[in-house]
2 protein chains.
Amino acid sequence: MVYVGVDVGGMSIKIGLVTKEGKILKSKAFPTEQEKGFKSMFARTADMIKDLLADNGFSLIDLGGIGIGIPGTVDSKLGLIVSAVNIGCKNQDLIKEMSQYFNVPIAVGNDANVAALGEQRFGAGKGHENVVMVTLGTGIGGGIIIDGKLYEGNGGAGGEVGHQIIEIDGEQCNCGRRGCWERYASATGLINQTKYAMAENSNSLMHKIANENGGVDGRTAFLAKDAGDEAGKAVVDKYLHYLAEGLLNLGYILHPEIFIIGGGISHEGKNVMEPLRQKLNDDFDRSGMLPYIEVVQASLGNNAGIIGAAALVM
Amino acid sequence: MVYVGVDVGGMSIKIGLVTKEGKILKSKAFPTEQEKGFKSMFARTADMIKDLLADNGFSLIDLGGIGIGIPGTVDSKLGLIVSAVNIGCKNQDLIKEMSQYFNVPIAVGNDANVAALGEQRFGAGKGHENVVMVTLGTGIGGGIIIDGKLYEGNGGAGGEVGHQIIEIDGEQCNCGRRGCWERYASATGLINQTKYAMAENSNSLMHKIANENGGVDGRTAFLAKDAGDEAGKAVVDKYLHYLAEGLLNLGYILHPEIFIIGGGISHEGKNVMEPLRQKLNDDFDRSGMLPYIEVVQASLGNNAGIIGAAALVM
């Protein structure tokens, strides 16, 4: 038995054959071509899945199910893409669409939720039943696992942890609220804070580092701090404060066993994960809200989408 | 079959006989006398339960179970009071203690969680599986029901929705964090904001209203606003903004079907509940994070503690 995981993105769709142990046997990617519309997009996906199975010696009888991760709001109970701007979909019944091509269990979920499920079942969260995953990218994606199951909220509208506000009436967010966590603690937030600090500190090493690396990115302030730059250190310290406070909010509300941190910034390793653990532990020590919540780096990387999607139908 | 609900408070312990339909047949209260210690407190509780059963014609064979709500952190899986400052308990095995006196199912939970369970099963949340209850009192208590079950977080340390921060580095909270929601949106928060506004507006009607009512309380600003006072209106508007933003955070993270609002301020009815609904709906309209989340007033009042505790063992 093999499962198919589909990770739909704005630019490309990735599909993979996944074992029940969460190993990807084979995967491939093809352009999303969302401009051709919903039906075309998933007709091609169906063809690609059939090819991938055949090319690897599997027939449809070996297929245990197909799980699909979508970048947008998904009502997984109804199998509906409620709204996914990046692929131009709104109120589309994806399970019905895919059932034309396959007579196996089909499930659909939001991509961040699906990645969290992948990490909980087969990655950094293995062995834990209550897990919150936070992905620090352009925004902050979130996935909540409760009692070993994905918690998506009514209509799939939960898990939007990046849009909790941490500064009332703060920076304007694209979502319409002001002061959302992702304005401060996403990679974008870090880059913005780095740029502000550079504008105010013309002598900071950050200018040289940015020049050498073709521009300001999420590593600029960290590299400057490592080289002893005070302004760089101030940016990092403030960023970690924002990051920790939002995570602590999730700790006070949900108190999962473990936080899994994904996205590029999590690769800063000891520069991010260690101080983050320290900040959280200090808070729980002081407040007595024990046990501690483990903080670990995501381990499946870009494969979390495919593996997690497949896990939806296992 | 009858169930016993026990609502333990710092001053008094309330016990009640509860039917499986969530009706209180009979209840009574007695002083907590926490200074006599844990064992004495619950030996007396056991005696009172036996008396209440006997006085109402029930024998121990009619007793389906005993549920106990505790004002503090409780590990309900282990049956442990982790820490309950108001009744002087720390790391006490309450189920073991009560099992000396009764050979029936015994369960224990945090009082705010237990009240939420009562409201979800038998009160304002009836018929809903995913419910968040928020009680606006001295602080802000919270209870989260997911898939019809109490969600308490690891070690019972979740559900502390009042200690999510909404203003980073904001007002100092007793818990040690800065900017916690309860600093702004609890009854205490409202009273503090009323006092600040009065100090700055010596001509405000709030002074007269407070004098007539024996001091500033949670109604002062609302009464002033109703009488056309600008400063009173400003306090109410700002308070509702704080309240709505914290609720919206819980909406983005959990998106339950319904929010239940308890505590004295919820009795302001149309002055609070209507604008709150409007603010939440406006946000969900704008963000597309639908369906709407209902916002209703708690309906069990002070009985929620007894009924919810009994529901723990149903």
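What counts, and at which threshold
Residues numbered from 1 in each chain as written. Chains lettered and ligands numbered in written order. Predicted model: local features only at pLDDT ≥ 70, side-chain atom pairs only at ≥ 80, totals over all residues. Heavy atoms only, no water. Helix = DSSP H or I, 4+ residues; strand = E, 2+ residues; numbered from the N terminus. Buried < 20%, exposed > 50% of the residue type's maximum accessible area, 1.4 Å probe, protein only. Contact = heavy atoms within 4.5 Å. Lys, Arg positive; Asp, Glu negative; His and termini not counted. Charge placed at Lys NZ, Arg CZ, Asp CG, Glu CD. Salt bridge = Lys/Arg side-chain N within 4 Å of Asp/Glu carboxyl O. Least-squares fit on C-alpha atoms with pLDDT ≥ 70 in both. Pairing = 2+ DSSP bridges. Axes fitted to C-alpha atoms, helices over the stretch in contact; angles between N-to-C directions. Buried area = accessible area lost by both parts, 1.4 Å probe. Polar contact = N/O pair within 3.5 Å; in protein donor to acceptor, adjacent residues only side chain to side chain. Nonpolar A, V, L, I, M, F, W, Y, C, P; charged D, E, K, R; others polar. Phe/Tyr/Trp six-rings, centres within 6.5 Å; stacked < 30°, edge-to-face > 60°. Lys NZ or Arg CZ within 6 Å of the ring centre and 35° of its normal. Expected span 1.5 Å × (residues − 1). Disulfide = S-S within 2.5 Å. pLDDT = per-residue confidence, 0-100.

J.: I keep staring at the overall build of chain A and nothing clicks. Help me out?
T.: Broken down by element type, chain A carries 10 helices and 13 strands. Counting only residues that meet the buried cut, chain A has 57% of its 314 residues in that class. If you take every contact in chain A between residues at least 6 apart in sequence, the share linking residues at least 24 apart comes to 61%. Here chain A contributes 28 positive and 36 negative side-chain charges, whose respective centroids are spaced 4 Å apart.

J.: Which parts of the structure should I look at to understand the pattern of salt bridges?
T.: Summed over all chains, the structure comprises 26 salt bridges over all chains. Between glutamate 21 of chain A and lysine 20 of chain A there is a salt bridge, with the nearest N and O atoms lying 2.9 Å from each other. Assessed through its relative accessible area of 47%, glutamate 21 of chain A is described here as partly exposed. Here lysine 20 of chain A falls in the exposed class, since its relative accessible area comes to 56%. The closest approach of N and O atoms between glutamate 274 of chain B and arginine 277 of chain B, which form a salt bridge, is 2.6 Å.

J.: Is there a simple way to think about the relation of the copies chain B and chain A in this case?
T.: Each copy of the sequence occupies a distinct position, and chain B is placed on chain A by a rotation of 180° and an axial shift of 0.0 Å, giving an RMSD of 0.0 Å. One copy is carried onto the other by what is essentially a two-fold rotation axis. The share of interface residues of chain B whose copies in chain A are also at the interface is 100%, consistent with both copies meeting through the same surface.

J.: Sorry, what's going on with the sheet that holds strand β4 (residues 63-70) of chain B here?
T.: What holds strands together in a sheet is hydrogen bonding between their backbones, with the strands either parallel or antiparallel. Residue and element names in this part refer to chain B. The strand order across the open sheet formed by five strands is β3-β2-β1-β4-β8, and the pairing between neighbours is mixed. Each edge of the open sheet is held by one strand with a lone partner, namely β3 (24-31) and β8 (106-110). Put simply, the sheet's adjacent strands are angled 15° from each other on average, direction ignored. The sheet contact formed by β4 and β8 spans five bridges and is parallel. Bridging from a neighbouring strand, glycine 69 pairs with glycine 109 of β8.

J.: Please clarify how the interface of chain B and chain A should be interpreted in this entry.
T.: Interface extent is often summarised as the accessible area lost during association of the parts. Between chain B and chain A, the contact holds 44 residues from the first and 44 residues from the second. When the area that chain B buries against chain A is broken down by residue, the three leading residues are Ile168, Arg177 and Ile253 of chain B, summing to 19%. Applying the counting criterion to the chain B and chain A interface returns four salt bridges. One salt bridge in this structure joins lysine 149 of chain B and aspartate 147 of chain A, with 3.3 Å as the shortest N-O distance. Counting across the chain B and chain A interface gives 24 residue pairs in polar contact (both at pLDDT 80 or more). Secondary structure elements with two or more residues in the side of chain B that touches chain A: β10 (140-146), β11 (149-151), α8 (230-254) and α9 (273-287) of chain B. Residue contributions to the side of chain B that touches chain A peak at 10 residues, all from α8 of chain B. Of the residues assigned to the side of chain B that touches chain A, the class counts are 19 nonpolar, 15 polar and 10 charged.

J.: Could you clarify how one ought to interpret the packing of aromatic side chains in this entry?
T.: All names here are of chain A. Tallied over the full model, the rule gives six aromatic pairs over all chains. Here the aromatic rings of tyrosine 252 and phenylalanine 284 are separated by 6.5 Å at their centres, their planes lie at 40°, and the arrangement is tilted. Taken together, the residues tyrosine 252 in helix α8 (residues 230-254) and phenylalanine 284 in helix α9 (residues 273-287) connect sequence positions 32 residues apart. In this structure, tyrosine 252 and phenylalanine 284 share a single accessibility class: buried. Over the ring of phenylalanine 102 we find lysine 50; its NZ or CZ atom is 5.3 Å from the centre of that ring.

J.: What should I look at first to understand α8 of chain A in this one?
T.: An α-helix turns once every 3.6 residues. As a result, residues three or four positions apart point the same way. All names here are of chain A. A rise of 1.5 Å per residue sets the reference length of α8, with its 25 residues, at 36 Å; its end C-alpha atoms lie 36 Å apart and thus fit the reference within 8%. When you tally the buried positions in α8, you get 19 out of 25 residues, the bulk of the element. For α8, the capping residue at the N-terminal end is aspartate 229, with a side-chain oxygen 2.8 Å from the backbone nitrogen of glycine 232. Positive phi appears at histidine 255, one or two residues downstream of α8, with a value of about 35°.

J.: Explain the state of the cysteines here, please?
T.: Defined simply, a disulfide is a covalent bond joining two cysteines at their sulfur atoms. Evaluated as defined, the whole model comprises zero disulfides over all chains. Distance from the sulfur of cysteine 173 of chain A, which forms no disulfide, to the nearest cysteine sulfur (cysteine 180 of chain A) is 3.9 Å. Among the residues examined, cysteine 173 of chain A registers a relative accessible area of 4% and is labelled buried. Left without a disulfide partner, cysteine 175 of chain B is nearest to the cysteine sulfur of cysteine 180 of chain B, which lies 3.6 Å away. Looking at cysteine 175 of chain B, the relative accessible area reads 15%, which means it is buried.

J.: Got a minute to help me understand unusual backbone geometry in this structure?
T.: With the exception of glycine, most residues fall at negative phi, and the peptide bonds are largely trans. Residues and elements named next belong to chain A. The amide bond that connects leucine 290 to the next residue, proline 291, takes the cis arrangement and shows omega of 5°. Along the chain, the position of proline 291 falls in the loop between α9 and β13 (294-297). At asparagine 91, a residue that is not glycine, the phi angle is positive and equals roughly 50°. Among the residues examined, asparagine 91 registers a relative accessible area of 53% and is labelled exposed. Positive phi, normally seen in glycine, also occurs at histidine 255, with a value near 35°.

J.: Sorry, what's going on with the environment of glutamate 257 of chain B here?
T.: Turning to its location among the elements, glutamate 257 of chain B is positioned in the loop between α8 and β12 (258-262). Each C-alpha atom of the pair glutamate 257 of chain B and valine 131 of chain B lies 6.0 Å from the other, and the pair is 126 residues apart in sequence. Dropping the residues within four chain positions of it, glutamate 257 of chain B is found in contact with Asn154 of chain A together with His128, Glu129, Asn130, Tyr292, Ile293 and Glu294 of chain B.

J.: Got a minute to help me understand the side chain of asparagine 271 of chain A in this structure?
T.: All names here are of chain A. With respect to the helices, strands and loops of the structure, asparagine 271 is situated in the loop between β12 (258-262) and α9. When its relative accessible area of 8% is taken as the criterion, asparagine 271 is described as buried. Non-local contacts of asparagine 271, meaning those with residues more than four positions away in its chain, are made with Phe222, Lys225, Asp226 and Leu240.

J.: Looking at this structure, I do not really get the confidence of the model for chain A. What am I missing?
T.: Averaged over every residue, the pLDDT of chain A is 95; the share at 70 or more is 100%. Complex prediction metrics read pTM 0.93 and ipTM 0.93.

J.: I tried to follow helix α3 (residues 111-122) of chain B on my own but got confused; where do I start?
T.: Residues and elements named next belong to chain B. A rise of 1.5 Å per residue sets the reference length of α3, with its 12 residues, at 16 Å; its end C-alpha atoms lie 16 Å apart and thus fit the reference within 8%. With respect to burial, α3 is a largely interior element, nine of its 12 residues being buried. Looking at α3, one finds that the buried residues are Asn113, Val114, Ala115, Ala116, Leu117, Gly118, Glu119, Gln120 and Phe122. Among the residues of α3, the N-terminal cap falls to asparagine 110, whose side-chain oxygen and the backbone nitrogen of alanine 112 are separated by 2.9 Å.

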